[in-house]
Amino acid sequence: MTDIAERSTAATVDPLLAELRQIVGEAYAVPGVEAPDALIDQRSRYVGRARAVVRPGSVDEVAAVVRLLAREEVPIVPQGGHTSLVGGATPDDSGRAVVLSLKRLDRVRAIDLDNDTITVEAGVVLRRLQDTARDAGRLFPLSLGAEDSCTIGGNLGSNAGGVQVLRYGNARDLTLGLEVVTPSGEIWHGLRGLRKDNSGYDLRDLYIGSEGTLGIITAATLKLYPLPVAQRTAFVKLDSSESVLALFRLAQADFGASLTAFEAISGPAYALVQQRMPEERVPFPAEPNAERWYVLLEISDNESDHHAAERMEHVLEAALRDGAALDALVAQSLAHSQGFWRLRQYALGRAQACDGGIVPHDISLPVSALPDFLRRNEAHLQSRLPGVRVFAYGHIGDGNLHYHIGRPIDQPATYLATHGAEITQIVHDDVVGFGGSIAAEHGVGRSKRDALLRHKSPIELRLMQAIKHALDPAGIMNPGQLLPLNAPADGATGRSALLNPRGSSPIHSS
Ligand SMILES: Cc1cc2nc3c(=O)[nH]c(=O)nc-3n(C[C@H](O)[C@H](O)[C@H](O)COP(=O)(O)OP(=O)(O)OC[C@H]3O[C@@H](n4cnc5c(N)ncnc54)[C@H](O)[C@@H]3O)c2cc1C
């Protein structure tokens, strides 16, 4: 009985799976249906299928897997923590692709305190990387809401931002060297810790932010910074978005490089937390006034706790005196500060989910244009879709807003599915009109791929396609992400296809 069952299973094993198992071991290559978590994205917006999910344990195994898949012309979806908010690490529903998870590549290879660098493999979870640096007396400053599960490979694949970009830059700014497996299965050993290297095209920066479409990052050498001696966090209430910018300028002028976070929350986004999650503690009671804004700012100080407290007090007093701020609270304990951050990192998103969902946008604008954009876009939205609610918040010091649109309160949840594409078009058109970007930090993935066609210039799209074709001529790396499938590689043909993308490209709500 057992014999027959085993033989029939063996007979039906996909030959590709059998070869993958020879490379990585029986336990680390399974049919897609046996790894459902690898097939559904963080927000359950995309559900795909995969021929197999493979988890190599070393860079040599990654290279061998890629060589096999290249030989068979099988699409590869690189996957880290699978926290992408743009569907970037989820396979499509064709069932043709193999998901290549980097999670088992999780070694810290070296910490070099003399040169302030750390070299880690792609599957190291961001939180562990931060903790490892801290244990060595250093700071690794990348920090974002998904840090308990996202991996450094995914952070680099998407050039992640987060809450300390203002001071330390995004993932690209923190990277000195990379190790990459190319789409043909070669290994590029580029783990240099050099601060300066002008020896030709910057391949490192090309791979960072390429969303798995050019190759697989297997390890990185990253910058470390001194640990701050003290931090101070404050929560401020303001009367308008103009006042948010006034406070930002004041804080920048006074704190300089000590200003490590400046996060703003619009009144409607803040009020929704109290409405939908009354159990959450908020620093100030929400007010009906839609013009209100709130700011969470944090400074890092290299002298002392007392010094940090004095500096924060000085700036907040000036802001209250000038009228830029209406009220301010300074966290008096770590728990108090964590409460402020919990509101920003967790409660806002949760409240929107409880409200029946939103149409999300991750946009950036010149900081000075934010108030005009907010006003103009709200007017455009209300004239076309009366009653929609704008929940805006984000890394305003970087000009980056999470600009989410909720349904009119008297409309059913299906409203957003019906009107999502129109909402996104109104938002994106204004963003581009104000000189901004429709993909600030989460990447393009598949949710903004078609919108990218509308908003990037033809020449940028042609150059991007030429790079894709040069590095991945067979088109096996994460196909359908970032750039459209079957995009013409040749400039002239590409031009005609892309000059009039509006007619052929349905806009997805993101
Ligand atoms: C609650 C929450 C908060 C978030 N906050 C932020 C934020 O503040 N800022 C921000 O930027 N993002 C944020 N994100 C989005 C997401 O967490 C980040 O983009 C993160 O960097 C993705 O890492 P990951 O390991 O989960 O990558 P995945 O989701 O697995 O992959 C992301 C992309 O990178 C590619 N990729 C993965 N690994 C590799 C590799 N080794 N080599 C090449 N390509 C690879 C994938 O194919 C995919 O295109 C947030 C997400 C959540 C759920």
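Note that the structure is a prediction, hence the values are computed from the model and not measured.

### Regarding the overall build of the chain
Helix and strand content of the chain: 17 helices and 18 strands. Here the C-alpha radius of gyration of the chain, 24 Å, is about what a compact globule of 510 residues would show, namely 24 Å. Based on the C-alpha atoms only, the size of the chain along its principal axes is roughly 75 × 55 × 55 Å. When contacts within the chain are restricted to residue pairs at least 6 apart in sequence, those whose partners lie at least 24 apart make up 72%. Working note: accessible area of the chain is about 22,100 Å², and carbon and sulfur atoms make up 50% of it. Here the chain contributes 50 positively and 61 negatively charged side chains, and the mean placements of these two sets differ by 3 Å.

### Side note on the packing of helix 12 (residues 370-384) against helix 13 (residues 414-433)
For the pair helix 12 and helix 13, the least separation of the axes is 10 Å and the interaxial angle reads 150°. Between helix 12 and helix 13, the crossing angle belongs to the class labelled roughly antiparallel. In this structure, helix 12 meets helix 13 at a crossing whose hand is right-handed. Residues Phe373, Arg376, Asn377, His380, Leu381 and Arg384 of helix 12 touch helix 13, and the partners they reach there are Glu422, Ile423, Ile426, Val427, Asp430 and Val431.

### Let's talk about the domain arrangement of the chain
Splitting the chain by domain gives domain 1 (14-101), domain 2 (108-226), domain 3 (228-355), domain 4 (356-442) and domain 5 (453-504). Relative to domain 4, the C-alpha centre of domain 1 lies at a distance of 34 Å.

### Some words on the pairing of strand 13 (residues 259-266)
In terms of burial, strand 13 is a largely internal element, eight of the eight residues being buried. As judged from the two bridges shared by strand 13 and strand 17 (residues 389-394), these two strands associate in the antiparallel manner. Bridge pairing links Ile265 to Tyr393 in strand 17.

### A closer look at the sheet that holds strand 5 (residues 108-112)
Spatially, the five strands line up as an open sheet ordered 5-6-10-8-9, and their pairing is antiparallel. Taken across any chain shown, the strands that pair with only one partner, and hence form the sheet edges, are strand 5 and strand 9 (187-190). Pairs of neighbouring strands in the sheet enclose a mean axial angle of 15°, with direction left out of account. Taken together, the four bridges between strand 5 and strand 6 (residues 117-121) define a ladder with antiparallel strand orientation. Pairing of Ile111 across the sheet is with Ile118, part of strand 6.

### Overview of the side chain of Ser243
Turning to its location among the elements, Ser243 is positioned in helix 8 (residues 241-255). Within the structure, Ser243 has its side chain in polar contact with the side chain of Asp239 (distance 2.5 Å). In contact with Ser243, other than residues within four places in its own chain, are Leu238 and Ala324.

### Quick look at unusual backbone geometry
One non-glycine residue, Glu211, adopts positive backbone phi at about 55°. Position of Glu211 among the secondary structure elements: in the loop between helix 7 (203-207) and strand 10 (216-223). A positive phi angle, near 70°, is found at Leu482, a position not held by glycine. Looking at the secondary structure, you find Leu482 in the loop between helix 15 (458-471) and helix 16 (491-499).

### Focus on the nonpolar core
For soluble globular proteins, nonpolar side chains are generally found buried alongside one another. Ranked by internal contacts, the top residues of the largest apolar core, which has 48 residues, are Phe262, Val295, Leu297, Leu381 and Tyr403. When residues of this core are assigned to domains, at least three fall in each of domain 3 (228-355) and domain 4 (356-442). Within the second largest apolar cluster, 27 residues are counted, among which are Leu144, Ile152, Tyr168 and Leu174.

### Section: the sheet that holds strand 4 (residues 98-101)
Strand order across the open sheet formed by four strands is 1-2-4-3, with mixed pairing between neighbours. Only two strands of the sheet have a single neighbouring strand rather than two, namely strand 1 (29-30) and strand 3 (76-79). One ladder, built from two bridges, connects strand 1 with strand 2 (residues 52-54); its direction is antiparallel. By the bridge assignment, Val30 is partnered in strand 2 with Val53.

Reading the values: the criteria
Residues numbered from 1 in each chain as written. Predicted model: local features only at pLDDT ≥ 70, side-chain atom pairs only at ≥ 80, totals over all residues. Heavy atoms only, no water. Helix = DSSP H or I, 4+ residues; strand = E, 2+ residues; numbered from the N terminus. Rg over C-alpha atoms; globule rule 2.2 N^0.38 Å. Contact = heavy atoms within 4.5 Å. Areas by Shrake-Rupley, 256 points an atom, 1.4 Å probe, with all protein chains shown as cover. Lys, Arg positive; Asp, Glu negative; His and termini not counted. Charge placed at Lys NZ, Arg CZ, Asp CG, Glu CD. Axes fitted to C-alpha atoms, helices over the stretch in contact; angles between N-to-C directions. Parallel < 35°, antiparallel > 145°, perpendicular 65-115°, else oblique. Left-handed = near helix turned anticlockwise from the far one by under 90°. Domains from an automatic or database assignment. Buried < 20%, exposed > 50% of the residue type's maximum accessible area, 1.4 Å probe, protein only. Pairing = 2+ DSSP bridges. Polar contact = N/O pair within 3.5 Å; in protein donor to acceptor, adjacent residues only side chain to side chain. Core = buried A, V, L, I, M, F, W, Y, C linked by side-chain atoms within 4.5 Å.

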